[in-house]
Amino acid sequence: GSPGYRSLAIGINADSLATWFMAAVAPSLHGLPLVLDVRVDDQDETHRMLRDGDVAGCVSTRATPVQGCRAAALGRMVYRLYATPAFARRHFPDGVTAAAVDGAPALIYNRKDRVLHRLLKSQLAVRGDGFPRHYLPSSEKFVDWILAGLAYGMLPELQALPLTAQGLLIDLLPGAVVDVALYWHCWGVATESLDMLTQALVAGGRRSLEPAGDGAV
């Protein structure tokens, strides 16, 4: 008879799911009787699921493994600030300034998402939450919202490159990036399916993401 399928619960951030994750796990899913129970949350929250035993592995921004778990660096997801050319002409005629930010609708994934805040603080010394913003907790719709000219926002370079190449989006602050280092954490107890998934994810992350850059291997 056919082998029974094993289910593995894993936690992942939405931007990884929208960009590199599927291509990375595909070889394992073709090669193993494995089904995934994918749970999506902020990259800082997935760690909690692992710690609480809700998932066998997670993609997280934390480098330090939970007790009894192992961790591997996947690479860095690079975020830049994007909008349509028309949005930029209307809202940022003199470039992205602290004053212009007060009058332009931003797009943020949810209240845990601080990537735009980090950029505005580092580049423009804009602090706090005074600027107008939409919240839209969907990576797929997030990019559509920006493409529709409804807001400006941070996107993974991986997702935005084909759109900037077509002239549909522009990088509003060339040279300004926010790097988010990603790590794969999983239970220390080895099983064939978890090991194969781990190898595939680490290889896939390293193919798609920027090198870790902090000496992690």
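Just above sits the structure.
Residues numbered from 1 in each chain as written. Predicted model: local features only at pLDDT ≥ 70, side-chain atom pairs only at ≥ 80, totals over all residues. Heavy atoms only, no water.

Let's talk about a nonpolar patch on the surface
Applicable threshold: To count toward a patch, a residue needs a relative accessible area above 30% and no salt bridge. Like charges then connect within 9 Å, nonpolar side chains (Val, Leu, Ile, Met, Phe, Trp, Tyr) within 5 Å. Only the protein chains shown count as covering a residue, and every accessible area follows the Shrake-Rupley method with a 1.4 Å probe. By definition here, a salt bridge exists when the distance from a side-chain nitrogen of Lys or Arg to a carboxyl oxygen of Asp or Glu is within 4 Å. Only runs of H or I of at least four residues qualify as helices and only runs of E of at least two qualify as strands under DSSP, and these elements are numbered from the N terminus. With a 1.4 Å probe rolled over the protein chains alone, any residue whose accessible area is under 20% of its type maximum counts as buried; one over 50% counts as exposed, and the rest are partly exposed.
Taken together, the side chains of Leu17, Val38 and Val40 make up a nonpolar region of the molecular surface, amounting to roughly 190 Å² of accessible area. When you line up the elements, Val40 lands in strand β2 (residues 34–40). Look at Val40 and you get partly exposed, because its relative accessible area is 41%.

Description of the pairing of strand β4 (residues 69–83)
Along a regular strand, successive side chains alternate from one face of the sheet to the other. Quick reminder of the rule: At least two DSSP bridges between two strands are required for those strands to pair.
With respect to burial, β4 is a largely interior element, 13 of its 15 residues being buried. Two strands pair when backbone bridges link them, and β4 and strand β9 (residues 178–187) are joined in this way by ten bridges, in the antiparallel orientation. The residue bridging Ala73 from the neighbouring strand is Tyr183, located in β9. The pairing of β4 with strand β7 (residues 152–156) spans four bridges and is antiparallel. What sits directly across from Tyr82, in β7, is Gly153.

Re helix α2 (residues 21–31)
How we decide: When we speak of the arc, we mean the arc of directions from the helix axis to the C-beta atoms. In this analysis, two residues are considered to be in contact whenever any of their non-hydrogen atoms come within 4.5 Å of each other.
For α2, the set of buried residues is Phe21, Ala24, Val25 and Ser28. Here the buried residues of α2 occupy an arc of 85° about the axis, which is enough to place them on one side. Seen from the buried face of α2, the exposed residues on the opposite side, beyond 90 degrees, are Met22, Ala23, His30 and Gly31. Contact partners of the buried residues in α2: β1 (6–12), α1 (14–18), β2 and α9 (192–208).

Notes on the pairing of β7
Taken across its five residues, β7 has five buried, putting it largely inside the fold. Residue alternation in β7 divides its side chains into two sets, Tyr152, Met154 and Pro156 and Gly153 and Leu155, and both sets are buried. Bridge analysis of strand β5 (residues 106–108) against β7 gives two bridges, and the strand direction is parallel. Within β7, the residue paired with Leu107 across the bridge is Gly153.

Re the side chain of Ser28
When you line up the elements, Ser28 lands in helix α2. Residues in contact with Ser28, not counting those within four places in the same chain, are Met196, Leu197 and Ala200.

Digging into the side chain of Asp113
What counts here: Counting rule applied: Lys, Arg positive; Asp, Glu negative; His and chain ends not counted. Counted as a polar contact is a pair of N or O atoms within 3.5 Å, where, for protein atoms, one must be capable of donating a hydrogen and the other of accepting one, and residues adjacent in sequence contribute only when both atoms are in side chains.
For Asp113, the position within the fold is in the loop between β5 and α6 (115–124). Summary of buried charges: Asp113 has no salt-bridge partner, and the nearest side chain of opposite charge, Arg114, is 7.6 Å away. Within polar-contact distance, the side chain of Asp113 engages the backbone nitrogen of Tyr109 at 3.0 Å. Within the local environment of Asp113, its side chain forms a polar contact with the backbone nitrogen of Val115, the two atoms lying 3.2 Å apart. What Asp113 contacts, discounting residues up to four positions off in sequence, is Asp42 and Ile108.

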